[in-house]
Amino acid sequence: MLNRLELPESVDEVDATRWESFAPFFEELKERPLSPENARDWLADWSHLSELIWEAGALIYIKKSIDTTDKEKEQAFLDFINNVAPQAQVANQALKQRFLMLDLPDEDLALMKRDIQNEVDLFRPENVPLFTELSKLDNEYDKITGGMKAEWDGEEKNLSQLSLYLYDQDRSVRERAWKTTMSLWLGGRKEINDIYTSMLQLRRQVAENAGLSDYREYAFREKGRFDYTPEDCFVFHDAIEAVVVPAAERLYEKRRQRLALDVVRPWDTKVDTTNAPPLKPYQGQSELVRGSLRILEKVDPVLGGYFEIMARENLLDLDTRPGKALGGYCSTLALRKRPFIFMNGVGIHDNVQTLLHEAGHAFHVFETATLPLVWLRNAPMEFCEVASMSMELLAAPYLTKEHGGFYTPAEAARARIEHLEGIITFLPYMAVVDAFQHWVYTHIDEAMNPDNCDAAWEALWLRFMRGVDWTGFETERKTGWHRKPHIFSSPFYYIEYGMAQVGALQVWRNSLQNQTEAVAAYRRALSLGGTKTLPELFAAAGAEFRFDKSMLTELVALVEETIAELEQFI
Ligand SMILES: [Zn+2]
């Protein structure tokens, strides 16, 4: 073919730690004479180059997280994020402008064009150093919280180690762990306040440089929120207050009775109320994979087939090992059009839940593989989490051994109740985190004084978080915003989880009527990638993009009924 680039067919052919490996291709795409005839080829080449560089970055990240003790892998990662990624961003800016000038009439490119136009419009060179400053501050926050350690029975424990004691059946142990954790956070109070004030100053400047009235407006644009407004978020908050908060209060009251307490205190919210030992569903990756495969095949044979491909092609690294990074994720290998799942399984139910969640993200990658350009395959975040959260719910009926899963009916019921209760108690907290940030960025002068942030957080906490008695811990309560990293590192990124959960609950509701149809719609919606708007993606999945009282009333009732049914098994 005339005028096409000889691009590497695999990342193995390039040294991805050096910008020079990619620069000539970007240069060629910038200079190539364009006409209506060769515009599509040019676009396909740019897509291939983007896939190459994204897959290279993903593999470098995966290798580093699988072995954090290997200095060479760490260096490769640093080279990529410090040299390759920023240069690629600058080089891409020029290609984005070329793409917009092409003004291709194709309808399938409409949203891609909208998104790229938005990125170009929002870009200001003078904001680049401000973002560097912000990531330094974010790093300082991480250092402070990562360094929080306390003496516990003669040993030093960090925050995540201390959090395990909140599951202890002995109430005095839980109380001591909670108070120890809170004293660590209050010890960092002044430093964290100072970090946030500095962040607010920088974010105000970022918005001003972009010619926008406040940082909320900037964040909505930057996150590509074209399908909903701050007012829609407020409608969601109000609906949560009216419908979900009373349901959460009912759950806390049930908890109070089961644990035979006078009141539920902040250290009583996590412990299991059935007094049964923790679930131990599997031992080792191959058992987890076999069980999950049987479950996923019950959800849908094609989805089960995708998961089998992942097992066969070594796209799963699921067991914890010394030197592995913490956490779990699903990464996309854009060029091969394959997902990769990483996690730290130790054989508990939480690991089963995480794998089903990440499998939903992985299915998104398989379903979008036939879309011709990489940008068309990326769905908005609000919908990406519908893919994963739906899979947790769709798979839940098959957790029992009789369906190929891991549990007795009583064990499966316990796991499912915990999951469903978690959905109810999460939404009010999500509303606090989101509403707090709406207040902060539209009252930025007041918010520069951390005392006002404390007061705003406290008012929202009292509005949404009822059912737990914080008497005597008012300072701990009003400084709760310190303990939510998103507020510092990813402003406004949180309501996505709430919206996606409402979408996932609707997919699950449909599956209770007709699983085959519901899963077919789910797969169809995933296969649209980013080629449709959020309301269209939700509609394709059989859900409405609506977050009002009537929607939440129906879904909360379904969750509460299902919990009541499951309780008969335990
Ligand atoms: Zn997810």
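Residues numbered from 1 in each chain as written. Predicted model: local features only at pLDDT ≥ 70, side-chain atom pairs only at ≥ 80, totals over all residues. Heavy atoms only, no water.

Notes on the domain arrangement of the protein chain
Here's step 1: Splitting the protein chain by domain gives domain 1 (11–105) and domain 2 (227–267 + 279–570).
Here's step 2: Spacing between the C-alpha centres of domain 1 and domain 2 amounts to 32 Å.
Here's step 3: The junction of domain 1 with domain 2 conceals about 1700 Å² of combined surface from both sides, 68% of it contributed by carbon and sulfur atoms.
Here's step 4: Among the residues of domain 1 in contact with domain 2, E51, E55 and I66 are the three that bury the most area, contributing 34% of the side total.
Here's step 5: Ionic pairing is found between E51 and R377, a salt bridge with its closest N-O pair at 2.9 Å.
Here's step 6: For the interface between domain 1 and domain 2, the tally reads 8 residue pairs in polar contact (both at pLDDT 80 or more).
Here's step 7: Residues that form the side of domain 1 that touches domain 2 fall into these classes: 11 nonpolar, 6 polar and 4 charged. (Domains from an automatic or database assignment. Buried area = accessible area lost by both parts, 1.4 Å probe. Salt bridge = Lys/Arg side-chain N within 4 Å of Asp/Glu carboxyl O. Polar contact = N/O pair within 3.5 Å; in protein donor to acceptor, adjacent residues only side chain to side chain. Nonpolar A, V, L, I, M, F, W, Y, C, P; charged D, E, K, R; others polar.)

A look at the pairing of strand 2 (residues 155–158)
The two faces of a sheet get side chains in turn, since along a regular strand they alternate between them.
Here's step 1: Note that strand 1 (residues 149–152) and strand 2 share 4 bridges and pair antiparallel. Across the sheet, residue K149 finds its bridge partner in strand 2, namely N158. (Pairing = 2+ DSSP bridges. Helix = DSSP H or I, 4+ residues; strand = E, 2+ residues; numbered from the N terminus.)

Structural notes on the coordination of the zinc ion
Here's step 1: Bound to the zinc ion are the protein donor atoms H357 (NE2), H361 (NE2), E385 (OE) and E385 (OE), situated 2.1 to 2.5 Å from the metal.
Here's step 2: Of note is the zinc ion, whose 4 donor atoms meet at the metal with angles of 52 to 140° in an arrangement that counts as irregular.
Here's step 3: Motif for the zinc ion, donor spacing along one chain: H-x3-H-x23-E. One end of the pair, H361, is in helix 13 (residues 349–367); the other, E385, is in helix 15 (residues 381–395), and 24 residues separate them in sequence.
Here's step 4: Since its relative accessible area comes to 16%, H361 is described here as buried.
Here's step 5: Residue classification places E385 among the buried positions, given a relative accessible area of 7%. (Donors = N, O, S within 2.8 Å, 3.2 Å for Na, K, Ca; no water. Tetrahedral: all angles 85-135°; square planar, octahedral: opposite > 155°, others 65-115°. Buried < 20%, exposed > 50% of the residue type's maximum accessible area, 1.4 Å probe, protein only.)

Points about the state of the cysteines
Here's step 1: Summed over the entire model, instances satisfying the criterion amount to 0 disulfides.
Here's step 2: C384 provides the cysteine sulfur closest to C233, a residue in no disulfide bond, and the two sulfurs are 18 Å apart.
Here's step 3: C453 forms no disulfide, and the closest cysteine sulfur to it belongs to C233, at a distance of 19 Å. (Disulfide = S-S within 2.5 Å.)

Here's the deal with the nonpolar core
Here's step 1: Residues F22, L43, Y196, F236, I240, F363 and F436 are the most contacted members of the largest nonpolar core, which totals 194 residues.
Here's step 2: At 18 residues, the largest contribution of residues to this core is made by helix 16 (residues 409–442).
Here's step 3: Counting contributing residues, this core receives three or more from each of domain 1 (11–105) and domain 2 (227–267 + 279–570).
Here's step 4: The residues touching I240, leaving out its near neighbours within four places in the chain, are V245, L427, P428, M430, A431, F464 and L552. (Core = buried A, V, L, I, M, F, W, Y, C linked by side-chain atoms within 4.5 Å. Contact = heavy atoms within 4.5 Å.)

Notes on the sheet that holds strand 4 (residues 329–333)
Here's step 1: With respect to topology, 3 strands assemble into an open sheet ordered 3-5-4, the strand pairing being mixed. Each edge of the open sheet is held by one strand with a lone partner, namely strand 3 (316–319) and strand 4. The mean angle between the axes of side-by-side strands here comes to 15°, regardless of whether they run parallel or antiparallel.
Here's step 2: Against the sheet, helix 12 (residues 301–312) contacts strand 3 and strand 5 (338–345), and its axis sits at roughly 75° relative to strand 5.
Here's step 3: The sheet strands contacting helix 13 are strand 3, strand 4 and strand 5, and the helix crosses strand 5 at an angle near 170°. (Axes fitted to C-alpha atoms, helices over the stretch in contact; angles between N-to-C directions.)

Considering the side chain of E392
Here's step 1: For E392, the location among the structural elements is in helix 15.
Here's step 2: The buried charged residue E392 lacks any salt bridge partner; its closest oppositely charged side chain belongs to R416, at an N-O distance of 11 Å.
Here's step 3: The contact partners of E392, leaving out residues within four places of it in the chain, are Q353, H357 and H419. (Lys, Arg positive; Asp, Glu negative; His and termini not counted.)

Some thoughts on helix 22 (residues 515–527)
Here's step 1: Between the first and last C-alpha of helix 22 there are 18 Å, a value that for 13 residues agrees with the 18 Å anticipated at 1.5 Å per step.
Here's step 2: Of all the positions in helix 22, only A518, V519, A521, Y522, A525 and L526 are classed as buried. The arc that holds every buried residue of helix 22, seen down its axis, measures 155°, which confines them to one face. Of the residues in helix 22, the exposed ones pointing more than 90 degrees away from the buried face are T516, E517 and R524.
Here's step 3: Tucked inside the fold, the buried residues of helix 22 contact helix 11 (285–299), helix 12, helix 13, helix 15, helix 21 (495–513) and helix 23 (534–540).
Here's step 4: Where helix 22 begins, one side-chain oxygen reaches toward the backbone nitrogen of T516, 3.2 Å away; that side chain belongs to N514. (Expected span 1.5 Å × (residues − 1). Arc of directions from axis to C-beta.)

Let's talk about the environment of P491
Here's step 1: Locating P491 in the fold gives a position in the loop between helix 20 (485–489) and helix 21.
Here's step 2: C-alpha separation for the pair P491 and R203, spaced 288 residues apart in sequence, amounts to 9.7 Å.
Here's step 3: Setting aside its immediate chain neighbours within four residues, P491 contacts R203, Y215, K223, Q437, Y441 and H486.

Quick notes on helix 8 (residues 189–209)
Here's step 1: The first and last C-alpha atoms of helix 8 sit 31 Å apart over 21 residues, in line with the 30 Å expected at 1.5 Å per residue.
Here's step 2: All buried positions along helix 8 are accounted for by I192, N193, I195, Y196, T197, M199, L200, L202, R203, V206 and A207.
Here's step 3: Just downstream of helix 8 lies G211, where phi reads positive at about 75°.

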